[in-house]
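Tertiary structure, described
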Amino acid sequence: RRLAACDRLGIIVGVGRAVVLAALAALPTWLAAHYLPIGHLQGHLLDLFRLATGGAVFLAVTLIFMRPLGVEDAAMLFDKLVSRLRR
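Residues numbered from 1 in each chain as written. Predicted model: local features only at pLDDT ≥ 70, side-chain atom pairs only at ≥ 80, totals over all residues. Heavy atoms only, no water.

**Examining the packing of aromatic side chains**
Aromatic rings in a pair are described by how distant their centres are and how their planes are angled relative to each other. Applying the stated criterion to the full structure yields 1 aromatic pair. With a centroid separation of 5.7 Å and 85° between ring planes, the pair formed by Trp 30 and Tyr 35 is classed as edge-to-face. A relative accessible area of 43% places Trp 30 in the partly exposed class. (Phe/Tyr/Trp six-rings, centres within 6.5 Å; stacked < 30°, edge-to-face > 60°. Buried < 20%, exposed > 50% of the residue type's maximum accessible area, 1.4 Å probe, protein only.)

Dropping the structure here:
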C-alpha cells in the first residue's frame, strides 16, 4: 500500500518560516516584558502584568509580519477566526 505523496520541502520551508516569525516576535516581547516601566508592582501582580504585556506584543508583531514572511497557515487561521467572529 502506497501512502499519498507529501511535499517535504514545503513542510520544512513552512516550519522554518514559522520559526523565523517566532524568533522575530520574541525579541520585542522580551524587551517589553522586562524593560517596560511598571511602577511599584511586585510579586504575582508583576508577573501577571509582564505576561499580559509580552503576550500582547507577541500577538501584534506576529500579526504584522505573518503575511510578509509567507507564514500561510497562521494567516489562514487568523482569517478563519476573523470570519467566525463577524458572523
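That was the structure; now back to the text.
**A word on the environment of Arg 17**
With respect to the helices and strands, the residue Arg 17 is situated in helix H1 (residues 8-35). Take Arg 17: its relative accessible area is 38%, and that puts it in the partly exposed class. Here the alpha-carbon distance between Arg 17 and Ala 75, two residues 58 residues apart in the chain, equals 12 Å. Ignoring any residue separated from it by four or fewer positions in sequence, one finds Arg 17 in contact with Leu 69, Gly 70 and Val 71. Only 3.3 Å separates the side chain of Arg 17 from the backbone oxygen of Gly 70, close enough to count as a polar contact. (Helix = DSSP H or I, 4+ residues; strand = E, 2+ residues; numbered from the N terminus. Contact = heavy atoms within 4.5 Å. Polar contact = N/O pair within 3.5 Å; in protein donor to acceptor, adjacent residues only side chain to side chain.)

**Considering the confidence of the model for the chain**
Per-residue confidence for the chain gives a mean pLDDT of 85, with 95% of residues at or over 70. Looking at the elements of the chain, mean pLDDT is at its lowest for helix H3 (residues 72-86), recorded as 82, and at its highest for helix H2 (residues 43-65), recorded as 89. (pLDDT = per-residue confidence, 0-100.)

**Concerning the side chain of Thr 62**
Here Thr 62 lies in helix H2. When its relative accessible area of 16% is taken as the criterion, Thr 62 is described as buried.

**Notes on a nonpolar patch on the surface**
Together, Leu 27, Trp 30, Leu 31 and Tyr 35 give the surface a local cluster of nonpolar side chains, amounting to about 460 Å² of exposed area. Within the secondary structure, Tyr 35 sits in helix H1. (Patch = residues over 30% accessible without salt bridge, like charges linked within 9 Å, V, L, I, M, F, W, Y side chains within 5 Å. Areas by Shrake-Rupley, 256 points an atom, 1.4 Å probe, with all protein chains shown as cover. Salt bridge = Lys/Arg side-chain N within 4 Å of Asp/Glu carboxyl O.)

**Notes on H2**
Given 3.6 residues per turn, any residue in an α-helix points the same way as the ones three and four places further on. Counted at 1.5 Å a residue, the expected span for H2 with its 23 residues is 33 Å, and the 33 Å between its end C-alpha atoms agrees. Listing the buried residues of H2 in full gives Leu 46, Thr 53, Gly 54, Val 61 and Thr 62. Packing partners of the buried residues in H2 comprise H1. (Expected span 1.5 Å × (residues − 1).)

**Some remarks on the environment of Asp 47**
With respect to the helices and strands, Asp 47 occurs in helix H2. For the pair Asp 47 and Ala 33, spaced 14 residues apart in the sequence, the C-alpha separation amounts to 9.2 Å.

**Considering the side chain of Thr 29**
Position of Thr 29 relative to the elements: it lies in helix H1. Residue classification places Thr 29 among the buried positions, given a relative accessible area of 14%. Sequence-distant contacts of Thr 29, defined by excluding residues within four places in its chain, comprise Gly 54, Val 57 and Phe 58.

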